Amino acid sequence: MCNSTTCYHALPMLRGLSGRRSRARASRESRNRSNNTLLYFILAVIVFEEVTQVVAGRDYYDILGVSRDADSSTIKRAFRKLAVKYHPDKNPGDKTAEKMYVELNNAYEVLGDNSKRQRYDMYGEDGLKGGEQDGDADDFFFNPFGRRNRQRERRVPDVSVPLSVSLEMLYNGGVMEVSHKKRVICSRWSDCESKCTKCGGSGMIITTRRLGPGFVQQMQQTCPTCGGTGKIGKPNCKSCPKGQFEQVEKMLLIDIEKGMRNGQTITFDGQTDEKPDHYPGNLHFEIDTKEHDRFQRDGNDLHYYLDINLSEALVGVDRIVRQLDGREVSIQTRGVISPKERVVIEGEGMPAFDGVGRGNLVVEFWVQFPETLTDEQRKGVIEILGKPPTKDETGDGTSSASESADTEKTEL
Ligand SMILES: [Zn+2]
Ligand SMILES: [Zn+2]
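Please read these numbers as outputs of a predicted model, since none were measured by experiment. (Residues numbered from 1 in each chain as written. Chains lettered and ligands numbered in written order. Predicted model: local features only at pLDDT ≥ 70, side-chain atom pairs only at ≥ 80, totals over all residues.)

*Asks:* What is the right way to read the overall build of the protein chain from this model?
*Replies:* Along its length, the protein chain carries 13 helices and 15 strands. Here the protein chain holds 412 residues, and the buried ones make up 17% of them. Residue pairs at least 24 apart in sequence account for 62% of intrachain contacts in the protein chain once pairs closer than 6 positions are excluded. (Helix = DSSP H or I, 4+ residues; strand = E, 2+ residues; numbered from the N terminus. Buried ≥ 20, exposed ≤ 12 C-beta atoms within 10 Å, placed from the backbone. Contact = placed C-beta atoms within 7 Å.)

*Asks:* Where do I start with the sheet that holds strand S15 (residues 361-368) in this structure?
*Replies:* Pairing between the strands of a sheet is mediated by backbone hydrogen bonds and can be parallel or antiparallel. Judged by pairing direction, the sheet is mixed, and its four strands sit side by side in the order S10-S11-S15-S14 without closing on themselves. A single partner strand is all that each edge strand has here, and the edge strands are strand S10 (295-298) and strand S14 (342-345). Within this sheet the neighbouring strands show an average axis-to-axis angle of 30°, counted without direction. In this sheet, strand S11 (residues 301-309) lies alongside S10 in antiparallel orientation, the contact comprising four bridges. Within S11, the position partnered with Gln 296 by the bridge is His 303. (Pairing = 2+ DSSP bridges. Axes fitted to C-alpha atoms, helices over the stretch in contact; angles between N-to-C directions.)

*Asks:* Where do I start with the sheet that holds strand S9 (residues 283-289) in this structure?
*Replies:* Strand order in the open sheet made by the three strands is S1-S9-S8, with mixed pairing throughout. Looking at which strands have only one partner, the edges of the open sheet turn out to be strand S1 (159-165) and strand S8 (265-268). In this sheet, adjacent strand axes meet at a mean angle of 30° when their direction is disregarded. Two strands pair when backbone bridges link them, and S8 and S9 are joined in this way by four bridges, in the antiparallel orientation. Among the inter-strand pairings, Phe 268 is bridged to a residue of S9, identified as Leu 283.

*Asks:* What is the right way to read the confidence of the model for the protein chain from this model?
*Replies:* Interpretation of this model should avoid reading the predicted coordinates in detail wherever pLDDT is low. Model confidence for the protein chain is summarised by a mean pLDDT of 77, while 75% of its residues fall at 70 or above. When pLDDT is averaged over each element of the protein chain, helix H9 (residues 167-172) comes out on top at 97 and helix H7 (residues 135-140) at the bottom at 35. Within the model, the stretch residues 1-34 combines pLDDT values under 50 with 32 contacts to residues more than four positions away or in other chains. Across residues 399-412, confidence stays below pLDDT 50; counting only partners more than four residues off in sequence or on other chains, it has three contacts. (pLDDT = per-residue confidence, 0-100.)

*Asks:* What is the right way to read unusual backbone geometry from this model?
*Replies:* Glycine aside, residues mostly have negative phi, and peptide bonds are mostly found in the trans state. Positive phi, normally seen in glycine, also occurs at Lys 340, with a value near 65°. Checked against the element boundaries, Lys 340 lands in the loop between strand S13 (328-332) and S14.

*Asks:* How should the environment of Val 178 be read in this particular structure?
*Replies:* Relative to the assigned elements, Val 178 resides in strand S2 (residues 174-185). Of the residues examined, Val 178 has 14 C-beta atoms within 10 Å and is grouped as partly exposed. Spatially, the C-alpha atom of Val 178 lies 5.2 Å from that of Leu 252, the residues being 74 residues apart in sequence. Residues within four places of Val 178 in sequence aside, it is in contact with Leu 252 and Ile 254.

*Asks:* I'm lost on the environment of Ile 287 in this one. Help?
*Replies:* The residue Ile 287 is located in strand S9 in this model. A sequence separation of 125 residues divides Ile 287 from Pro 162, and the C-alpha atoms of the two residues are 6.1 Å apart. Those residues in contact with Ile 287 that sit more than four places away from it in its chain are Leu 163, Val 165, Met 260, Arg 261, Asn 262, Gly 263 and Gln 264.

*Asks:* Any chance you could explain the nonpolar core here in plain terms?
*Replies:* In globular proteins that are soluble, nonpolar side chains generally tend to be buried together. Among the nonpolar cores identified, the biggest contains 17 residues, and Leu 170, Ile 256, Leu 302 and Tyr 304 are the most heavily contacted of them. Listed by contribution, the elements that provide at least two residues to this core are H9, S11 and S15. Shared between two domains, this core takes at least three residues from each, and those domains are domain 2 (154-180 + 249-291) and domain 4 (295-371). In this structure Ile 256 touches Val 165, Met 169, Leu 170, Gly 173, Gly 174, Val 175 and Met 176, once residues within four positions along its chain are discounted. Formed by 14 residues, the second largest nonpolar core is a distinct cluster that contains Ile 63, Leu 64, Tyr 86 and Ala 107. (Core = buried A, V, L, I, M, F, W, Y, C linked by C-beta atoms within 7 Å. Domains from an automatic or database assignment.)

*Asks:* How do you make sense of helix H6 (residues 114-123) when you look at a structure like this?
*Replies:* Spacing of three or four residues puts side chains on the same side of an α-helix, whose turn is 3.6 residues. Of all the residues in H6, the buried ones are Arg 117, Arg 119, Tyr 120 and Tyr 123. The arc that holds every buried residue of H6, seen down its axis, measures 160°, which confines them to one face. Within two residues after H6, Gly 124 carries a phi angle of roughly 70°, on the positive side. (Arc of directions from axis to C-beta.)

*Asks:* Would you mind showing me how to read the pairing of strand S5 (residues 215-222) here?
*Replies:* Consecutive side chains along a regular strand alternate between the two faces of the sheet. Within S5, only zero of the eight residues are buried, which leaves the element largely exposed. The turn joining strand S4 (residues 204-212) and S5, which pair antiparallel and follow one another in sequence, is formed by two residues; a positive phi near 85° is taken by Gly 214.

Structure follows, in structure tokens:
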């Protein structure tokens, strides 16, 4: 029989068998021969049923044509594409397409639902039967950790990490490739572990403390060796020659949608470190916009600071601003611009995340004055703009002899 970990279809069934075999072994010790015969007969029937089921069922990931670590948006896209292709309306009378359409829906019902997908990943189709509350069924079916539901549902806490994203990426949308390291446990953890020798599998140990002559206090505490699970790793497991825990590096493709903002998250289900007896938690990437050297974002508006010279400020600006998607946006003004004056170009800001509309591009002019003027330039300015006012012409019109005297003093 296939016993390799790559044979995924058969895996849930094999696990089921090994669970039942050990059960049978226990029975052999405690019951007589005739009981055993009956038990084997029942087992044979169950095994036969399972074989037919496994042969009939296809792997849900294969049906959708996605890899086992595909993220939820990839799964959604794959389902939509295939559902359109095999839709009964498009294939009238085609039985194969009809069957495919049903399979697609079954597969998506599981893989499109985070908790169902996790159960499927860990226990195969068996994990989807009976429901979580069915304690008896759980005891009967294979249970990889030999524990009850309540403990099986423990999860590794979710992890949130900042994701530094460029403004260009948020403007245009795109896919970011991020390397993610996580700890994985042996793929055959149930075979790989054995009863903890320190606590005998109970997960608790009793310690005694002498309080004084004749007084001894007994205390129960979590076993430090197995951390309360009652199980420890077995050496020389075939599935994990490198050890039960392994650090793996994985490339994650993060879908950045147009217009996303700081603080928005993109979630990868079940991508935290793995821990025995636990479902892995979710990994959240939180958007953190990188500072841009030309633009500043304010909501959906983009601010752009444009240095212009004095001549432009007086006569008019005719410039090009390179937009975040590489387009050239023309900035033209006529007339005089005051320092820090703004021009709003509607619809040239960030695209809105919900897909409706866009912000504006706000261009702020920073007038760069010349540091010095030549005599000739001075003459020219006077000629064009007129002579600067003299002392007598300035002030608030209360000019008097005494005041001019004061001014003369300060000028010294
Ligand atoms: Zn192992
Ligand atoms: Zn222990």
